[in-house]
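Observations on the three-dimensional arrangement
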Amino acid sequence: MNTPYDRVAYPSSVFTQTHPERLAVLALLAGLEPVDPRHSRILEIGGGDCLNLLSFAAMWPDCSAHGFDLSQIAIERGSRIAEAAGLDNVSLAVEDIMEAHRRYPAGSFDYVIVHGVYAWVPPHVREACMELVAHVLSDHGIAMISYNAMPGGHVRLIMREMLFNIVDGIDNFEERIDAARSFLEDYAKPREGDEPLAITLRQQAESMLQRPDSVLFHDELGDCYYPQRLIDVVRAGEALGLRHLTDAGRNRHLDGFLPDGAEVPEDPDEAVLRAASRDDYAALRFFRHTLFVRAEQEPDRTIDASRIDGLYLTTKLRRQEDGSFALAGDTIEIADEELATALEAAAAATPQRLAVSQVARNPEQLRVVLQLFAEWYVQLYVHPAPFPSVPGNLPQTSPLVRALLEMGELTVCTLDHALLKIEQAELRGLLLAADGQTAIPDLAAAGHGIPPEDVEAALTASAQRGLLLG
Ligand SMILES: C[S@@+](CC[C@H](N)C(=O)[O-])C[C@H]1O[C@@H](n2cnc3c(N)ncnc32)[C@H](O)[C@@H]1O
């Protein structure tokens, strides 16, 4: 079958919101008992080339990962990477959501990821997708379904209507993109007397212009675009024996929980759903990452920060001279100096993970760390980092990194589930040489373009970025 995704490849990427450890942390926060991601069964539906999934397979050799997509070209690319990396715990298949149901036994996956699919397929495929999720999710499983949400989706629908007026009848990819871009460039220019809605639409046009051509082609100019209301997605899951847990997106982790200190209402599920839905409209929300568990699971929706005590954390917050912290343009004040110092240490160790108990030593500090996690300034994990912070005596590059470099890619996927561009050809050469059988002095002697005295430091920096297995 020749799908639009076969004609124009979708960019491969990894998505923090799909990370099983994040899903597990949110389940633990609700008092549930998620399956240990390191030994879990993970399914990714409509994963494109499934690089996201390959990243989990590379970091957890004892998990078993399966991904499928309708696009043969995407799956062929993912399979080539998996094979080159020697990942024997992952399988990828060309498969249609409509057919997939009968292939998998009930309850056969502990983590089910459906990212960027649900709002971009026709209604019958969407229904089949939810049926598949409900069918394969194990007793303690967690599913993450992301989608373009309402009411922000209305704004994008207006943009689509405008764009389709322009590109209707243009089939050629380049011409379609050129026509859309030149329209958007003009439309994005502010006009005198713009009403607030027009300003919003122009900003939307501006942000569409930032997207790569292939994303514009599929996400904005694709045949299917059905943004969803949170409540409809949750009801669709409930009808099939699933229960809404919370949201895996930035600033949304606590959506499935009652406000701190609030009295528990008669129907907590309904109370949090109604509140989150109201908030979607208040914030003109565009996107959601909704988590589901089986209906038999009973999340405790009161916030209990002590539940994060046994976890691990990283943070990219940077301490400023004035004592505040900064991240991506935001400034955060941490009044408790003991906690601030501990967070500084955690930032210095990142992407290695510190135990939460090393950073937050009392209930109030735990509460602050939980809030920082909810706001995406701190990442929480169930386990220590799955990679060392220093190279072993026989340094070994992650097989996934090696495979991507061997395929001529400059951007690799780290054992920290991040994309990293390795600009320096010499470092790429050194990483390819670190085969787990060559000692550091021999790697230094071989050259690879890096001065011998700098090789150990380059390997240490590589280990710290999650590029080395050992
Ligand atoms: C927008 S892309 C998202 C890809 C990837 N999950 C990501 O987020 O980067 C949508 C994906 O859904 C896949 N897809 C669409 N309909 C499908 C179906 N009926 N069965 C399986 N995959 C499907 C497409 O081939 C495409 O790879």
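Residues numbered from 1 in each chain as written. Predicted model: local features only at pLDDT ≥ 70, side-chain atom pairs only at ≥ 80, totals over all residues. Heavy atoms only, no water.

What to know about the sheet that holds strand S12 (residues 354-355)
With antiparallel pairing, the 3 strands of this open sheet are ordered in space as S12-S8-S13. Edge positions in the sheet fall to S12 and strand S13 (378-381), since each of these pairs with one other strand and no more. Relative to S13, strand S8 (residues 312-315) runs antiparallel, the two sharing 4 bridges. Directly across from Tyr312, in S13, lies its bridge partner Tyr381. Against the sheet, helix H13 (residues 337-349) makes contact with S8, S12 and S13, and its axis sits at roughly 80° relative to S8, the strand it touches most. (Pairing = 2+ DSSP bridges. Helix = DSSP H or I, 4+ residues; strand = E, 2+ residues; numbered from the N terminus. Contact = heavy atoms within 4.5 Å. Axes fitted to C-alpha atoms, helices over the stretch in contact; angles between N-to-C directions.)

A word on the pattern of salt bridges
Here the structure, examined in full by the defined rule, presents 33 salt bridges. One salt bridge connects Arg77 with Glu409, and the closest N-O pair in it is separated by 3.3 Å. Separated by 332 residues along the polypeptide, Arg77 in helix H4 (residues 72-85) and Glu409 in the loop between helix H16 (399-406) and strand S14 (411-413) bring together distant segments of the chain. Residues Arg229 and Asp232 are paired through a salt bridge, measuring 2.9 Å at the closest nitrogen-oxygen approach. By relative accessible area, which is 35% here, Asp232 ends up partly exposed. Where salt bridges share partners, they join Asp247, Arg252, Asp255, Asp279, Asp280, Arg285 and Arg288 into one cluster. (Salt bridge = Lys/Arg side-chain N within 4 Å of Asp/Glu carboxyl O. Buried < 20%, exposed > 50% of the residue type's maximum accessible area, 1.4 Å probe, protein only.)

Comments concerning empty space enclosed by the protein
Applying the stated rule across the entire model yields 1 cavity of 30 Å³ or more. For the largest cavity, the calculated volume is near 40 Å³. Residue lining of the largest cavity: Ala27, Leu32, Glu33, Pro34, His140, Gly141, Ile142, Val293 and Gln297, and that is the complete set. Top element by residues in the lining of the largest cavity is strand S5 (residues 137-148). It accounts for 3 residues. (1 Å grid on protein atoms, 1.4 Å probe; cavity = no way out; pocket = protein on both sides within 12 Å on 5 of 7 lines; lining within 4 Å. Points joined across faces, edges and corners; volume = space filled by probe spheres on them.)

Looking at the packing of helix H7 (residues 152-167) against helix H8 (residues 173-187)
Axis separation between H7 and H8 bottoms out at 9 Å; the angle between their running directions is 125°. When the axis of H7 is compared with that of H8, the two are oblique. For the element pair H7 and H8, the recorded crossing hand is right-handed. Contact with H7, carried on its side by Met159, Met162, Leu163, Phe164, Ile166 and Val167, involves Arg176, Ala179, Ala180, Phe183, Leu184 and Tyr187 of H8 and no other residues of that element. Looking at the contact of H7 with H8 residue by residue, the classes come out as 11 nonpolar, no polar and 1 charged. (Parallel < 35°, antiparallel > 145°, perpendicular 65-115°, else oblique. Left-handed = near helix turned anticlockwise from the far one by under 90°. Nonpolar A, V, L, I, M, F, W, Y, C, P; charged D, E, K, R; others polar.)

Here's the deal with the domain arrangement of the chain
Entries for the chain in the domain assignment read domain 1 (4-150 + 227-294), domain 2 (154-220), domain 3 (310-381) and domain 4 (399-464). Between the C-alpha centres of domain 3 and domain 4 there is a distance of 30 Å. (Domains from an automatic or database assignment.)

As for the site of the ligand
In the vicinity of the ligand there are 19 residues, among which Gly46, Asp69, Asp96, Ile97 and His115 approach most closely. Here Asp96 contributes a side-chain N or O atom positioned 2.9 Å from a nitrogen atom of the ligand. A distance of 2.7 Å separates a nitrogen atom of the ligand from a polar backbone atom of His115. The residue inventory of the shell around the ligand, partitioned by class, reads 9 nonpolar, 6 polar and 4 charged. (Near = heavy atom within 4 Å. Polar contact = N/O pair within 3.5 Å; in protein donor to acceptor, adjacent residues only side chain to side chain.)

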